[in-house]
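Topology and contacts: notes
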Amino acid sequence: MGFNCGIVGLPNVGKSTLFNALTQTALAEAANYPFCTIEPNTGRVAVPDMRLFALAELASSKTILPTHLEFVDIAGLVSGASKGEGLGNQFLANIREVDAIAHVLRCFNDSEIAHVDGNVDPIRDATTVETELMLADIDSLERRMTALLKKSRGGDKEAKSDLVLMEKLFAHLSEGQTARSTTGLTGEESRRLPRLQLLTAKPVLYVCNVSECDASTGNTYCKLIADKAVSEGAAYVIVSAAIESEIAQLDEADKIGFLCELGLEEPGLARLIRAGYSLLDLVTFFTAGPKEARAWTVAAGASAPEAAGVIHTDFQRGFIRAETISYHDYITFKGETGAKEAGKLRIEGSDYKVVDGDVFNFRFNV
């Protein structure tokens, strides 16, 4: 699994259309009215990575297994969701479970598609969703701080530490700022922050949903979102849900021609995944042999044993060493044998940090 990404946004911004296109399924109903997505829909998509096919060819692999990205299409949110308006309670519960938020923003004008607030304004829409998430976080912290106060007065050291962290976050949120932008946290507090499951602590990827004519260049709405993303340290990507929906119906040969006509080099899915991987600081490593070539995902900075554990917990528990070849060397020297003969196969121990593109053969004993 690559990562779990929740697709959120106001009603009628193109969330379900994008979800259907990305997952190439019809699990989510796309309709021109609010709340057409009643239950969260989940779809897994293969992460496109041409390196995997090149490795498979050299290794004569019978099977090719890419890593996957999971999308969760979550019911549309409206103002007042933090107090249970619309499908707010369900929205907030579902979003707590994802690793990152893909916030779809309507960046196109179409008189035939109603907007819940009457006109197109992606900055306003982003603020609406963000405000509801902050209000929900404030409410959550208030309730937990009350309980922790009693424990801390009783001498519970962990409760005291958690209370200090929550007070910092509460003050920041009360000023209209997200939890992820909180400054002044200690290293230990930063490590404990994810445990609180605050909605505004999750990384955000803004998805500018544009019309077909703006897919290659974006528009003024996109520029506004780009500036917002940069100021927040967030990510953004320009995608046309309409184009992605059409691409999903085409075979590979027709996809290339269709994209060329539109001035695009690749589908929006590829751009969205790259932006998401960068946002979450993820890297890909590979295993390749006659049986299969496979891609795996780990967090940047993961150790060799941790990477082995992604394949199987026994690999991590009994880790001995990692026989490692960089992707570049594997391709340059025509496979594992050529890389070995050229002295490019390295023996790495438990302190080795995975580099994107590493081709591993793990040795273990349990």
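Structure: above.
Below you will find a few notes about this structure. Quick caveat: nothing in here was measured; it's all calculated off a predicted structure.

Each value, and the rule that gives it
Residues numbered from 1 in each chain as written. Predicted model: local features only at pLDDT ≥ 70, side-chain atom pairs only at ≥ 80, totals over all residues. Heavy atoms only, no water. Helix = DSSP H or I, 4+ residues; strand = E, 2+ residues; numbered from the N terminus. Buried < 20%, exposed > 50% of the residue type's maximum accessible area, 1.4 Å probe, protein only. Phe/Tyr/Trp six-rings, centres within 6.5 Å; stacked < 30°, edge-to-face > 60°. Lys NZ or Arg CZ within 6 Å of the ring centre and 35° of its normal. Pairing = 2+ DSSP bridges. Axes fitted to C-alpha atoms, helices over the stretch in contact; angles between N-to-C directions. Contact = heavy atoms within 4.5 Å. Expected span 1.5 Å × (residues − 1). Polar contact = N/O pair within 3.5 Å; in protein donor to acceptor, adjacent residues only side chain to side chain. Parallel < 35°, antiparallel > 145°, perpendicular 65-115°, else oblique. Nonpolar A, V, L, I, M, F, W, Y, C, P; charged D, E, K, R; others polar. Patch = residues over 30% accessible without salt bridge, like charges linked within 9 Å, V, L, I, M, F, W, Y side chains within 5 Å. Areas by Shrake-Rupley, 256 points an atom, 1.4 Å probe, with all protein chains shown as cover. Salt bridge = Lys/Arg side-chain N within 4 Å of Asp/Glu carboxyl O. Core = buried A, V, L, I, M, F, W, Y, C linked by side-chain atoms within 4.5 Å.

**Observations regarding the overall build of the protein**
Counting secondary structure elements, the protein contains 14 helices and twelve strands. Across the 366 residues of the protein, 50% fall into the buried class.

**Considerations on the packing of aromatic side chains**
Inspection of every chain in the model, using the stated rule, returns eight aromatic pairs. When the ring of Tyr-352 is compared with that of Phe-360, the centres are 6.3 Å apart and the planes differ by 85°; the resulting orientation is edge-to-face. No difference in accessibility class separates Tyr-352 from Phe-360, as the two residues are buried. Taken together, Phe-285, Trp-296, Phe-319, Tyr-352, Phe-360 and Phe-362 form an aromatic cluster joined through their ring pairs. The residue whose ring lies beneath Arg-51 is Tyr-327, and the NZ or CZ to ring-centre distance is 5.9 Å.

**Notes on unusual backbone geometry**
Of note in this structure, Asn-12 is not a glycine but carries a positive phi near 65°. Among the structural elements, Asn-12 can be located in the loop between β1 (4–8) and α1 (15–23). In the Ramachandran plot, Ser-60 falls in the positive-phi region, its phi being about 55° despite a non-glycine side chain. On the secondary structure map, Ser-60 appears in the loop between α2 (50–59) and β3 (63–65). On the basis of relative accessible area, Ser-60 is assigned to the exposed category, the value being 55%.

**Things to note about the sheet that holds strand β6 (residues 204–209)**
The strand order across the open sheet built from six strands is β2-β4-β1-β5-β6-β7, with neighbouring strands paired in mixed fashion. The open sheet terminates on both sides in strands that have one partner only, identified here as β2 (41–46) and β7 (235–239). Neighbouring strand axes in the sheet, compared pairwise and without regard to direction, differ in orientation by 25° on average. Bridge count between β6 and β7: five bridges; the pairing is parallel. Paired with Cys-208 across the two strands is Ile-238, which belongs to β7. This element, helix α4 (residues 122–153), spans β5 (100–106) and β6 of the sheet and lies at about 145° to β5. On top of the sheet, helix α7 (residues 220–232) reaches β5, β6 and β7; it is set at about 175° to β6, its chief contact.

**Here's the deal with the environment of Ala-201**
For Ala-201, the location among the structural elements is in the loop between α6 (187–192) and β6. Separated by 20 residues in the primary sequence, Ala-201 and Ser-181 place their C-alpha atoms 7.9 Å from one another. Apart from the residues lying within four places of it in its own chain, the contact partners of Ala-201 are Ala-179, Arg-180 and Leu-193.

**Observations concerning helix α5 (residues 157–174)**
With 18 residues, α5 extends 26 Å between its outermost C-alpha atoms, agreeing within 8% with the 26 Å of an ideal straight helix rising 1.5 Å per residue. Burial in α5 covers these residues: Ala-159, Asp-162, Leu-163, Leu-165, Met-166, Leu-169, His-172 and Leu-173. N-cap assignment for α5: the residue whose side-chain oxygen lies 3.1 Å from the backbone N of Glu-158 is Asp-156. Phi turns positive, to about 85°, at Gly-176, one or two residues after α5.

**Let's talk about the packing of α4 against α7**
Contact geometry of α4 with α7 gives a least axis separation of 9 Å together with a crossing angle of 40°. Considering their axes alone, α4 and α7 lie oblique with respect to each other. For the pair α4 and α7, the contacting residues are Pro-122, Ile-123, Ala-126 and Glu-130 in the first and Tyr-221, Leu-224, Ile-225, Lys-228 and Glu-232 in the second. For the contact of α4 with α7, the residue count by class is six nonpolar, no polar and three charged.

**Structural notes on a nonpolar patch on the surface**
A cluster of nonpolar residues, Met-50, Phe-53 and Ile-64, forms a patch on the protein surface that exposes about 310 Å² of accessible area. Residue placement: Ile-64 occurs in strand β3.

**Looking at the nonpolar core**
A general trend in soluble globular proteins is that nonpolar side chains are found buried together. Counting residues in each nonpolar core, the largest one holds 59 residues, and the members touching the most others are Leu-69, Phe-71, Ile-95, Tyr-206 and Val-207. Apart from the residues within four sequence positions on either side, Ile-95 is in contact with Val-8, Ile-74, Ile-101, Leu-133, Leu-199 and Lys-202. Core analysis: the next-biggest nonpolar cluster, separate from the first, contains 16 residues, Leu-148, Ala-159, Met-166 and Leu-196 among them.

**Some thoughts on the pattern of salt bridges**
Oppositely charged side chains may form a pair once their charged atoms are brought near each other. The full count for this structure, using the stated rule, is 19 salt bridges. Asp-125 is the salt-bridge partner of Arg-124, the closest N and O atoms lying 3.2 Å from each other. Of the charged contacts, one joins Glu-188 and Arg-191 as a salt bridge, the two residues approaching to 3.1 Å between their closest N and O atoms. Highlighted residues: Glu-188 and Arg-191, both in helix α6, separated by three residues, approximately one helical turn. The class for Glu-188 is partly exposed, based on a relative accessible area of 40%. For Arg-191, a relative accessible area of 59% gives the class exposed. The network of salt bridges with shared partners includes Glu-130, Arg-180, Lys-228 and Glu-232.

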